[in-house]
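Notes for the structure review
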Amino acid sequence: MKLHLTRRYAFAAAHRLHSAQLSEEENRRLYGKCANPYGHGHNYHVEVTLSGPVDAATGMIANLAELDAFVGREVLDAFDHKNLNEEVPAFRSAVPTTENLCVEIFRRLCTFPAAHLERVRIEETGLNSFEYAGE
Amino acid sequence: MIYLTRKIEFSAAHYYHNPAWSPEENARVFGKCANLKGHGHNYVLEVTVAGTPDPVTGMVLDLKELKEILEREIMQRMDHRHLNHEVPELAGKIPTTENVAATIWNLLQPKITKGKLHRVRLYENPDLFVDCFGDGR
């Protein structure tokens with residue numbers, strides 16, 4: 001029986017879309033208001049999907065308390081109420097688009113020991129979302 | 001291939017308890033879900049059927065028929081019930097979202113004869129859901 005378990009989390013963070021490899025005009029043209037120099041923010045929602053056998057003793061793919069603690073430590077503590085460009089090392093070089101955010105959060109969560117990470121899905125706003133399932 | 005999804009909601013009580021364990025072990029693993037007096041949820045169930053539309057009716061299956069199957073197999077069994085005590089298919093199982101989703105799959109799969117059951121998605125609350133694909137995918 002193939003089962004996926006999905007848990008949804010939220011964090012609020014500031015970011016600015018700006019590439020050092022582009023001129024100011026190109027950044028402005030490409031990223032529009034997302035390139036404003038002081039940055040802006042979002043309420044992000046993150047869906048973490050796990051798969052694996054259902055443990056016969058617990059009836060669970062993974063203990064949610066363990067997953068919550070892991071996601072809290074690896075992602076929420078590092079991202080919630082932070083400036084992604086300045087306070088998350090991966091975004092000192094990479095632009096913190098939601099695409100790159102998916103890849104970074106997947107990288108941080110794929111070592112979860114109790115189950116296999118299937119997918120990370122992020123809603124930047126209610127109107128757009130991005131998914132990453134690894135390579 | 002067309003994927004058709006129908007959604008229903010049911011409310012039920014449950015608790016998590018492994019009789020092979022001490023009360024302390026149950027409390028450690030299951031936290032507040034181990035309270036033997038039980039608690040409840042408004043479950044949301046999305047049932048997805050895959051198929052090709054019938055050339056005459058334009059339908060994968062008759063939605064009215066699917067609605068009746070869901071009413072008979074799920075609503076009458078689980079709505080306003082206690083999952084630990086009143087659902088024979090869950091007897092001896094801990095009614096986690098994983099086990100309830102798999103049980104719903106097993107109840108629906110043989111009943112859906114037009115198209116093929118593709119996915120059962122069960123939300124325990126808006127922040128937690130389980131997808132069951134049977135042996136497929």
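Per chain, residues are indexed from 1 in the order of the written sequence. Numbering of ligands from 1 and lettering of chains from A proceed in the order in which they are written. In keeping with the model being predicted, local features are shown solely for residues with a pLDDT of at least 70 and side-chain atom pairs are shown and tallied solely at 80 or more, while totals for entire chains, interfaces and linings include all residues.

1. Some thoughts on the interface of chain B and chain A
Cut-off, in case you're wondering: In this description, a residue-residue contact is defined by the distance between C-beta atoms placed from the backbone, which must lie within 7 Å. Runs of H or I in DSSP of at least four residues are treated as helices and runs of E of at least two as strands, each being numbered from the N terminus. By the convention adopted, Pro, Cys, Tyr, Trp, Phe, Met, Ile, Leu, Val and Ala count as nonpolar, Lys, Arg, Asp and Glu as charged, and the other residues, Gly among them, as polar. When DSSP finds at least two bridges between two strands, those strands are taken to pair.
Chain B puts 22 residues into the contact, and the matching count from chain A is 16 residues. Those elements that place two or more of their residues in the side of chain B that touches chain A are helix H4 (97-108) and strand S5 (128-132) of chain B. With five residues, the single largest contributor to the side of chain B that touches chain A is S5(B). Grouping the amino acids of the side of chain B that touches chain A by side-chain chemistry returns ten nonpolar, six polar and six charged. In this sheet, S5(B) lies alongside strand S1 (residues 3-15) of chain A in antiparallel orientation, the contact comprising five bridges.

2. Quick look at unusual backbone geometry
Located in the positive-phi region is A:His81, a residue other than glycine, with phi close to 60°. Relative to the assigned elements, A:His81 resides in the loop between helix H2 (64-79) and strand S3 (82-83). Phi is positive for B:His80, which is not a glycine, with a value near 60°. Within the secondary structure, B:His80 sits in the loop between helix H2 (63-78) and strand S3 (81-82).

3. Structural notes on the environment of A:Ala57
Summarising the element assignment, A:Ala57 is placed in the loop between strand S2 (40-51) and H2. Measuring from C-alpha to C-alpha, the distance between A:Ala57 and A:Phe79 comes to 34 Å, with 22 residues separating the pair along the chain.

4. Section: the pairing of S2(A)
All names here are of chain A. Taken together, the twelve bridges between S1 and S2 define a ladder with antiparallel strand orientation. Across the sheet, the residue bridging to Leu5 is Leu50, located in S2. Two elements, S2 and strand S4 (residues 116-125), share seven bridges in a ladder whose sense is antiparallel. Each bridged residue has a counterpart across the sheet, and for Ser51 the counterpart in S4 is His116.

5. A few points about H2(A)
Residue and element names in this part refer to chain A. What counts here: Note that bend, as reported per residue, equals the angle between axes fitted to the 7 residues terminating at that residue and the 7 residues originating from it. Burial is judged by counting the other C-beta atoms within 10 Å of a residue's own C-beta: 20 or more makes it buried, 12 or fewer makes it exposed, and any count in between marks it as partly exposed, with every C-beta position built from the backbone.
Roughly 50° is the biggest bend found in H2, and it falls at Gly72. For H2, every residue scored as buried is listed here: Leu67, Val71, Val75 and Phe79. Among the structural elements, S1, S2, S3, helix H3 (84-87) and helix H4 (98-109) are those in contact with the buried residues of H2.

6. Focus: the confidence of the model for chain A
Rules: Each residue gets a pLDDT score, which is the predictor's confidence in that residue and runs from 0 to 100.
Chain-level pLDDT for chain A is 96 on average; 100% of the residues reach the 70-or-more range. Taken element by element, the predicted model of chain A shows its lowest mean pLDDT in S3(A) (95) and its highest in H2(A) (98).

7. A few points about the packing of H2(B) against H4(B)
In a pair of packed helices, the angle between the axes and the distance between the axes together describe the arrangement. All names here are of chain B. Counted only if it meets this: Only C-alpha atoms enter the line fits that serve as axes; for helices the fit covers just the stretch in contact. Angles between N-to-C directions range over 0 to 180 degrees. Orientation is classified from the angle alone, with under 35 degrees giving roughly parallel, over 145 giving roughly antiparallel, 65 to 115 giving roughly perpendicular, and any other angle giving oblique. Helix crossings are classified by the rotation of the near helix relative to the far one: an anticlockwise turn of less than a right angle makes the crossing left-handed, while a clockwise turn makes it right-handed.
Orientation of H2 relative to H4, taken along the N-to-C sense of each, is 130°, at an axis distance of 10 Å. In terms of orientation, H2 and H4 fall into the oblique class. You can see that H2 and H4 cross each other, and the crossing is right-handed. Taking contact as the criterion, the partners of Ile69, Glu73 and Ile74 in H2 are, on H4, Ile104, Leu107 and Leu108. Class assignment for the residues of the contact of H2 with H4 results in five nonpolar, no polar and one charged.

8. Notes on the nonpolar core
Formally: Each nonpolar core reported here comprises buried Ala, Val, Leu, Ile, Met, Phe, Trp, Tyr and Cys residues connected via C-beta atoms within 7 Å.
Counting residues in each nonpolar core, the largest one holds 51 residues, and the members touching the most others are A:Leu3, A:Ile61, B:Ala101, B:Ile104, B:Val120 and B:Leu122. Looking at this core, the element that brings in the most residues is H4(B), giving six residues. With residues near it in sequence (within four places) discarded, B:Ala101 still touches A:Leu3, B:Val120, B:Leu122, B:Val130 and B:Cys132.

9. Here we look at H4(A)
Residue and element names in this part refer to chain A. Selection criterion: Take the number of residues in a helix, subtract one, and multiply by 1.5 Å to get its expected span.
The end-to-end C-alpha distance of H4, which contains twelve residues, comes to 16 Å, matching closely the 16 Å that a straight helix rising 1.5 Å per residue would cover. Listed in full, the buried residues belonging to H4 are Thr98, Leu101, Cys102, Glu104, Ile105 and Arg108. Close packing links the buried residues of H4 with S2, H2, S4 and strand S5 (128-132).

10. A short note on the confidence of the model for chain B
Across chain B, the average pLDDT comes to 96, with 99% of residues at or above 70. Interface predicted TM-score (ipTM) for the complex: 0.86; the corresponding pTM is 0.90.

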